[in-house]
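# Descriptive structure summary
Chain by chain, the residues run as shown.
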Amino acid sequence: MIGERTMARAGDMLPGVVSMQAARERSLVGLSGASVERIRRLLTRACELRPAAMGEAEPMTILRGRTVATLFFESSTRTRTSFAIAAQRMGASVVDLSSGASSLSKGESMRDTARNIEAMGVHAIVTRAPQAGAAELIHDAVACSVINAGDGRHEHPTQGLLDMATLAEAFGRDREFDFRGLRVAIVGDVVSSRVARSAVAGLTKLGARVTLVGPPHLASKGLACLVEPSAGKPSLLSVEHDIDTVLPEMDAVMMLRIQFERHDGPGLGSAPSNEVKKAGPIASVRAYREHCGLTVERAKLMKPGAVVMHPGPINRGVEMDGPVADGLAGPRSLVLRQVSWGVAVRAAVLAECMGA
Ligand code: CP
């Protein structure tokens, strides 16, 4: 593996050696750099692997003998667990290393940590970090596969893939993965959201029209440049600030959590204090919910057949009311379906990245 990566970097296309492209495809850093063909191939593979990945069929052995390390420098419930389950059901062994338990707390660099993990014969590193660019940094430091499980505000590619798999199933697009004609709103703290960046990249590559919605400081008009318009065609990405005018047009509405940890100022549940504090991302939960929360009342604006989504974790009563998240009021909720697809998609990504 080390030889392959080194040679592929040094010498474009050498006989019998993988190309740069192939070397790149043994890792998954983001969807903005992924080809449409790769995205469709991964989604197709996720559908094939889904029964085994979900424990509905016998576990598979396609990754037998491979070892996957989950190297998470930030908390996670869904992503870390589903990578571990997917790897195990495909026959791989999993080593889990969280930041508190790693030597990062003793001053070791992320790069050195990754290189040391690789030196133990690990075949793939799945990594999450608060810094944008961390996955790319690790990818450049090691020769094994690197899968980005979320790096700061940059990308969360397997979340983007699982969102697409969920939408494809819900709208019967799971043979061709052609999303032309589908309209998807991504609502809330878009500026902080790696989920939104990966979803925008993936959905628009498959032809969906995406509208980003939120107050101007959380969904600025400048975000429209995330997608370059093709010559002569209107852009597939737009930005709006008024959720009530957008909702009736949408087939799917993806709500986002406010990422207090990526803003200055107090978060949810901060105790009142007389100290002068930096302003947080919202004036109050009530004001935010009134402005762009998917409340039970507001969900009634959605058209028949439309669906609601959320990557999790949900702050119920802030960006989304509990009954809407649970599908008990108004549109169908795909929230837990997204979680299930997460296992199948991660099985597909691990299989591709480790050449199985
Ligand atoms: N959607 C998501 O990334 O969830 P976790 O933070 O729990 O992994």
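Presented here is an overview of the structure given in this document. (Residues numbered from 1 in each chain as written. Predicted model: local features only at pLDDT ≥ 70, side-chain atom pairs only at ≥ 80, totals over all residues. Heavy atoms only, no water.)

What follows is about the overall build of the protein chain. Within the protein chain one finds 13 helices and 10 strands. Counting only residues that meet the buried cut, the protein chain has 51% of its 356 residues in that class. Across the protein chain, every contact between residues at least 6 apart in sequence was considered, and the portion connecting residues at least 24 apart equals 73%. Accessible surface, the protein chain as shown: approximately 15,500 Å² in total, 53% of it carbon and sulfur. (Helix = DSSP H or I, 4+ residues; strand = E, 2+ residues; numbered from the N terminus. Buried < 20%, exposed > 50% of the residue type's maximum accessible area, 1.4 Å probe, protein only. Contact = heavy atoms within 4.5 Å. Areas by Shrake-Rupley, 256 points an atom, 1.4 Å probe, with all protein chains shown as cover.)

Here the focus is the layout of surface pockets. One number sums up the size of the largest pocket: a volume of about 560 Å³. In this structure, the largest pocket is lined by 32 residues; those nearest its centre are Arg78, Arg128, Arg194, Gly312 and Pro313. Elements with a minimum of two residues in the lining of the largest pocket: α4 (78–89), α7 (157–170), α8 (194–205) and α13 (335–353). In terms of residue class, the lining of the largest pocket is built from 9 nonpolar, 14 polar and 9 charged. (1 Å grid on protein atoms, 1.4 Å probe; cavity = no way out; pocket = protein on both sides within 12 Å on 5 of 7 lines; lining within 4 Å. Points joined across faces, edges and corners; volume = space filled by probe spheres on them. Nonpolar A, V, L, I, M, F, W, Y, C, P; charged D, E, K, R; others polar.)

Attention shifts here to the sheet that holds strand β2 (residues 93–98). Read across the open sheet, the 4 strands follow the order β2-β1-β3-β4; overall the sheet is parallel. Pairing within the sheet leaves two strands with one partner each, and these edge strands are β2 and β4 (145–151). Neighbour-to-neighbour, the strand axes of the sheet open up by a mean angle of 15°, direction not taken into account. Direction of pairing for strand β1 (residues 67–72) relative to β2: parallel, over a ladder of 6 bridges. (Pairing = 2+ DSSP bridges. Axes fitted to C-alpha atoms, helices over the stretch in contact; angles between N-to-C directions.)

Each strand in a sheet pairs with its neighbour through backbone hydrogen bonds, running either in the same direction (parallel) or in the opposite one (antiparallel). Across the sheet, which stays open at both edges, the 6 strands sit in the order β7-β6-β5-β8-β9-β10 with parallel pairing between neighbours. Edge strands, defined here as strands with exactly one partner in the open sheet, are β7 (237–240) and β10 (332–333). The sheet contact formed by strand β9 (residues 307–309) and β10 spans 2 bridges and is parallel. By the bridge assignment, Val307 is partnered in β10 with Arg332.

Here the focus is the packing of helix α3 (residues 36–53) against α7. Contact geometry of α3 with α7 gives a least axis separation of 10 Å together with a crossing angle of 65°. When the interaxial angle is binned, α3 and α7 end up roughly perpendicular. Where α3 crosses over α7, the two elements pack in a sense that is right-handed. Contacts from Ile39, Leu42 and Leu43 of α3 reach α7 at Leu161, Met164 and Ala165. Per-class residue counts for the contact of α3 with α7 are 6 nonpolar, no polar and no charged. (Parallel < 35°, antiparallel > 145°, perpendicular 65-115°, else oblique. Left-handed = near helix turned anticlockwise from the far one by under 90°.)

If you check the shell around the ligand, you find Ser76, Thr77, Arg78, Thr79, Arg128, His156, Gln159, Pro311 and Gly312 and nothing else. At a separation of 2.7 Å, an oxygen atom of the ligand approaches a polar backbone atom of Thr77. Contact with the protein chains removes 92% of the 250 Å² of surface that the ligand exposes when unbound. When atom positions are compared with the pocket grids, the ligand is found to occupy the largest pocket. Of the residues belonging to the shell around the ligand, the class tally is 1 nonpolar, 6 polar and 2 charged. (Near = heavy atom within 4 Å. Polar contact = N/O pair within 3.5 Å; in protein donor to acceptor, adjacent residues only side chain to side chain. Sits in = over half its atoms within 2 Å of the grid points.)

Here we take up α8. Between the first and last C-alpha of α8 there are 17 Å, a value that for 12 residues agrees with the 16 Å anticipated at 1.5 Å per step. The buried fraction of α8 amounts to 10 of the 12 residues, a majority that puts the element mostly inside the structure. The set of residues buried in α8 consists of Arg194, Val195, Ala196, Ser198, Ala199, Val200, Ala201, Gly202, Leu203 and Thr204. Where α8 begins, the side chain of Ser193 points an oxygen toward the backbone nitrogen of Val195, at a separation of 3.3 Å. Trailing α8 by a residue or two, Gly207 shows a phi angle of about 105°, which is positive. (Expected span 1.5 Å × (residues − 1).)

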